[in-house]
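A look at the structure
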Amino acid sequence: MQTMPDDDSIAIRVANLDDVREIAELHARCFPRGWDEVSISTFVADPACVVFVASAGEANACHGFLIARAVSGEAEILTLAVDKAHRRKGVARALLIATIARLRLAGITQLFLEVESGNEAAEGLYRGFGAKSVGRRAAYYEHGADASIFSLAL
């Protein structure tokens with residue numbers, strides 16, 4: 001288990017198959033169309049994916065998670081979710097710090113992600129790491145919202 005230096009109450013660990021149910025449940029609470037356990041387990045088992053779970057104050061709880069996939073020197077954040085009760089407490093930031101460190105160790109040089117346009121909290125988080133807006137996907141989300149595409153040089 002890795003504890004982030006800026007907040008000892010947030011522990012980050014690599015997800016395993018025992019976490020799949022909790023991750024799927026959290027994803028369903030955070031997004032209109034949550035991913036099921038089969039989808040989550042596929043990512044957890046994929047060596048090209050980085051899947052971290054964050055626990056804020058409770059050992060082995062799933063208060064947030066991040067899934068990223070790496071291919072050919074680049075990676076993409078597929079999803080990042082934090083339980084409502086633990087937002088604005090550094091959980092997403094801790095997950096990003098751990099993910100960026102892992103990707104750099106693997107030789108990844110560029111990280112991409114999409115975020116719903118107008119999600120100021122998420123955009124601010126990514127910009128705080130130095131991510132730049134590099135494009136837009138019109139009507140990317142099922143409910144018709146656009147996605148802003150961000151890129152972060154690692």
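To be clear, the structure that these remarks concern was listed above.
Figured I'd write up the structure that's included with this text. (Residues numbered from 1 in each chain as written. Predicted model: local features only at pLDDT ≥ 70, side-chain atom pairs only at ≥ 80, totals over all residues. Heavy atoms only, no water.)

What about the pairing of strand S2 (residues 10–14)?
With respect to burial, S2 is a largely interior element, four of its five residues being buried. The pairing of S2 with strand S3 (residues 49–56) spans five bridges and is antiparallel. Bridged to Val-14 within S3 is Phe-52. (Buried < 20%, exposed > 50% of the residue type's maximum accessible area, 1.4 Å probe, protein only. Helix = DSSP H or I, 4+ residues; strand = E, 2+ residues; numbered from the N terminus. Pairing = 2+ DSSP bridges.)

Regarding the state of the cysteines
By the definition in use, this model includes zero disulfides. The cysteine Cys-62 is free of any disulfide, with Cys-30 supplying the nearest cysteine sulfur at 9.1 Å. (Disulfide = S-S within 2.5 Å.)

Side note on helix H1 (residues 20–30)
Val-20, Ile-23, Ala-24, Leu-26 and His-27 are the residues of H1 that are buried. All buried residues of H1 project into a common sector of 165° when viewed along the axis, lining one side. Contacts from the buried residues of H1 go to helix H2 (37–45), S3, strand S4 (64–71) and strand S5 (74–82). (Arc of directions from axis to C-beta. Contact = heavy atoms within 4.5 Å.)

Brief notes about the nonpolar core
Ile-12, Ile-77, Leu-80, Leu-95 and Tyr-126 are the most contacted members of the largest nonpolar core, which has 31 residues in total. Elements supplying a minimum of two residues to this core: S2, S3, S4, S5, helix H3 (91–105), strand S6 (110–116), helix H4 (120–128) and strand S8 (147–153). Tallying contributions element by element places H3 first for this core, with eight residues. Those residues within four positions of Leu-95 in sequence are excluded, and the remaining contacts are Ile-12, Phe-52, Val-53, Ala-54, Gly-64, Phe-65, Leu-66 and Leu-80. (Core = buried A, V, L, I, M, F, W, Y, C linked by side-chain atoms within 4.5 Å.)

Focus on the pattern of salt bridges
It is possible for side chains of opposite charge to pair when their charged atoms get near one another. Summed over all chains, the structure comprises six salt bridges. As a salt-bridge pair, Asp-83 and Arg-29 come within 3.1 Å of each other at their nearest N and O atoms. With Asp-83 in the loop between S5 and H3 and Arg-29 in helix H1, this pair connects stretches of sequence that are 54 residues apart. Classification of Asp-83 by relative accessible area gives buried; the value is 16%. (Salt bridge = Lys/Arg side-chain N within 4 Å of Asp/Glu carboxyl O.)

Description of unusual backbone geometry
With the exception of glycine, the majority of residues adopt a negative phi angle, and the majority of peptide bonds are in the trans configuration. Of note, Ser-72 is a non-glycine position whose phi angle comes to about 50°, a positive value. Positionally, Ser-72 belongs in the loop between S4 and S5. Positive phi, normally seen in glycine, also occurs at Ala-139, with a value near 50°.

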